[in-house]
Amino acid sequence: SQQGEEDPQALSIQEGENATMNCSYKTSINNLQWYRQNSGRGLVHLILIRSNEREKHSGRLRVTLDTSKKSSSLLITASRAADTASYFCATDQTGANSKLTFGKGITLSVRP
Amino acid sequence: EADIYQTPRYLVIGTGKKITLECSQTMGHDKMYWYQQDPGMELHLIHYSYGVNSTEKGDLSSESTVSRIRTEHFPLTLESARPSHTSQYLCASSEYWGSDTQYFGPGTRLTVL
């Protein structure tokens, strides 16, 4: 079964609005990462949050991690049309030879 | 943009052909990975390498093979392509193993007729 599952599967918002995406996982992790993928391209790393961290910021991105609920959220503030992409969370499970496991992704559409 | 390159970007071939997907990186990373991704789906790790002369199979069984003769080069080969191999193949590298940030190439979209 999937280690990381994103929610919602698809999100459509107006430019300027905030976008919140969630990721849940099943087993203990060392860290959790968020990646962005533009259509037909490779993934681009956005942010990494370690298991002992609760919140992290990078520009317009804010990531939170709740290890008690095994969940993370990615907030994009003041969204732009260029933020339109698929967003993936990736978890590094403890004791699993430290391979990253990716979720199915969230498709974000930002309307101009 | 990451310094990791994949060629070709798109490939359409007939069943039974042998193909090699190229991946190279100029960041000096020891760790490299191949993922398979179907449209709208998650990435599945099919091969990885700790460094030169190291290759390991990933979580998803694949009929492809890989080699790592040079640090910067990690090609993937399919001896006899089939329609079931139609997918996007993504190459990635990282400085440290597994949990480290991975840098991805643009991908190769393979279609086998």
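Description of the structure in this document.

Procedures and definitions
- Residues numbered from 1 in each chain as written.
- Chains lettered and ligands numbered in written order.
- Predicted model: local features only at pLDDT ≥ 70, side-chain atom pairs only at ≥ 80, totals over all residues.
- Heavy atoms only, no water.
- Phe/Tyr/Trp six-rings, centres within 6.5 Å; stacked < 30°, edge-to-face > 60°.
- Lys NZ or Arg CZ within 6 Å of the ring centre and 35° of its normal.
- Helix = DSSP H or I, 4+ residues; strand = E, 2+ residues; numbered from the N terminus.
- Buried < 20%, exposed > 50% of the residue type's maximum accessible area, 1.4 Å probe, protein only.
- Contact = heavy atoms within 4.5 Å.
- Polar contact = N/O pair within 3.5 Å; in protein donor to acceptor, adjacent residues only side chain to side chain.

Some remarks on the packing of aromatic side chains
Point 1. The tally for this structure, following the rule as stated, stands at seven aromatic pairs over all chains.
Point 2. Here the aromatic residues A:Tyr35, A:Phe102, B:Tyr33, B:Tyr35 and B:Phe104 are joined through ring pairs into a cluster of three or more.
Point 3. Seen from the ring of B:Phe74, B:Arg68 lies directly overhead, with NZ or CZ sitting 5.8 Å from the centre.

Focus on the environment of B:Gln102
Point 1. Mapped onto the elements of the fold, B:Gln102 is located in the loop between β9 (87–94) and β10 (103–104).
Point 2. Judged by its relative accessible area of 1%, B:Gln102 falls in the buried class.
Point 3. Taking the C-alpha atoms as reference points, B:Gln102 and B:Phe74, separated by 28 residues in sequence, lie 15 Å from one another.
Point 4. Residues within four places of B:Gln102 in sequence aside, it is in contact with A:Gln33, A:Tyr35, A:His45, A:Leu100, B:Tyr33, B:Tyr35, B:Ala92, B:Ser93 and B:Ser94.

Side note on the environment of A:Glu5
Residues and elements named next belong to chain A.
Point 1. Relative to the elements of secondary structure, Glu 5 occurs in strand β1 (residues 4–7).
Point 2. Taking the C-alpha atoms as reference points, Glu 5 and Gly 42, 37 residues apart in sequence, are found 20 Å from one another.
Point 3. The residues contacting Glu 5, other than those within four sequence positions of it, are Asn 22, Cys 23, Ser 24 and Lys 26.
Point 4. Within the structure, the side chain of Glu 5 is placed 3.4 Å from the side chain of Lys 26, a separation counted as a polar contact.

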